[in-house]
Amino acid sequence: RKTVPYPSKVVNKAILQARVNRIRSFSRERKIPVLISEFTVPRWAPGASSYLSDLISMFERNRWGWVYHSFREPGASIWSVEHSSNKKELAPHTG
C-alpha cells in the first residue's frame, strides 16, 4: 500500500470537505441524522494528527455523531492518539 501524506494533492481539507458536503446534503434532503462510525488513521502516517483534527472539526461543525476507532484498545497502538508517531514506541505518552 502506498502512503499518502496529509495534506497533499490526493487528499486535503478541500477534498474532505467536498465529501462531507455530499453527506450533509444527503442528510438534509432526507432529514436523517448522521453517525460517522469507526474512522481512523495509523498514528505514524504523515499528517495523521492534522487529518484527524480536520475530520473531527467537520463532524462537529455539522453536529454529527462520530466514533473513533479504536481508543485505548489493548494491542492496537497503531490507532492510538496517545502514542507518538514513532512506530517503535509502544507506550503512550503520559505528559
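Residues numbered from 1 in each chain as written. Predicted model: local features only at pLDDT ≥ 70, side-chain atom pairs only at ≥ 80, totals over all residues. Heavy atoms only, no water.

A. Spatial organisation of the overall build of the chain. Across its full length, the chain carries 2 helices and 2 strands. Helices and strands appear in the chain in the N-to-C order α-β-α-β. When its C-alpha atoms are laid out on the principal axes, the chain stretches across 45 × 30 × 25 Å. Residues counted as buried form 28% of the 95 residues belonging to the chain. For the chain, long-range pairs separated by at least 24 residues make up 57% of all intrachain contacts whose partners lie at least 6 apart in sequence. (Helix = DSSP H or I, 4+ residues; strand = E, 2+ residues; numbered from the N terminus. Buried < 20%, exposed > 50% of the residue type's maximum accessible area, 1.4 Å probe, protein only. Contact = heavy atoms within 4.5 Å.)

B. Local environment of the nonpolar core. One finds Leu16, Ile36, Phe39, Phe59 and Trp64 to be the most contacted residues of the largest nonpolar core, which totals 16 residues. Once residues within four sequence positions are removed from consideration, Ile36 is found in contact with Phe59, Trp64, Gly65, Trp66 and Val67. (Core = buried A, V, L, I, M, F, W, Y, C linked by side-chain atoms within 4.5 Å.)

C. Seen up close, the packing of helix H1 (residues 13–30) against helix H2 (residues 48–61). The interhelical angle for the contact between H1 and H2, taken along N-to-C directions, is 30°, at an axis separation of 11 Å. By the angle class used here, H1 and H2 are roughly parallel. Crossing of H1 against H2: the hand is right-handed. In contact with Lys13, Leu16, Gln17 and Val20 of H1, H2 contributes Tyr51, Asp54, Leu55, Met58 and Arg61. (Axes fitted to C-alpha atoms, helices over the stretch in contact; angles between N-to-C directions. Parallel < 35°, antiparallel > 145°, perpendicular 65-115°, else oblique. Left-handed = near helix turned anticlockwise from the far one by under 90°.)

D. Summary view of unusual backbone geometry. Here the amide bond leading from Tyr6 into Pro7 is cis, since omega sits at -5°, within 30 degrees of zero. Secondary-structure assignment places Pro7 in the segment before H1. The residue Arg72 is not glycine, and still its phi comes out positive at about 55°. Residue class for Arg72 comes out exposed when judged on its relative accessible area of 61%.

E. Examining the environment of Ile32 more closely. Relative to the assigned elements, Ile32 resides in the loop between H1 and strand E1 (35–39). Overall, Ile32 belongs to the partly exposed group, its relative accessible area being 37%. C-alpha of Ile32 to C-alpha of Asp54: the two residues are 22 residues apart in sequence and 23 Å apart in space. Leave out the neighbours within four places in its chain, and Ile32 touches Phe26 and Ser27.

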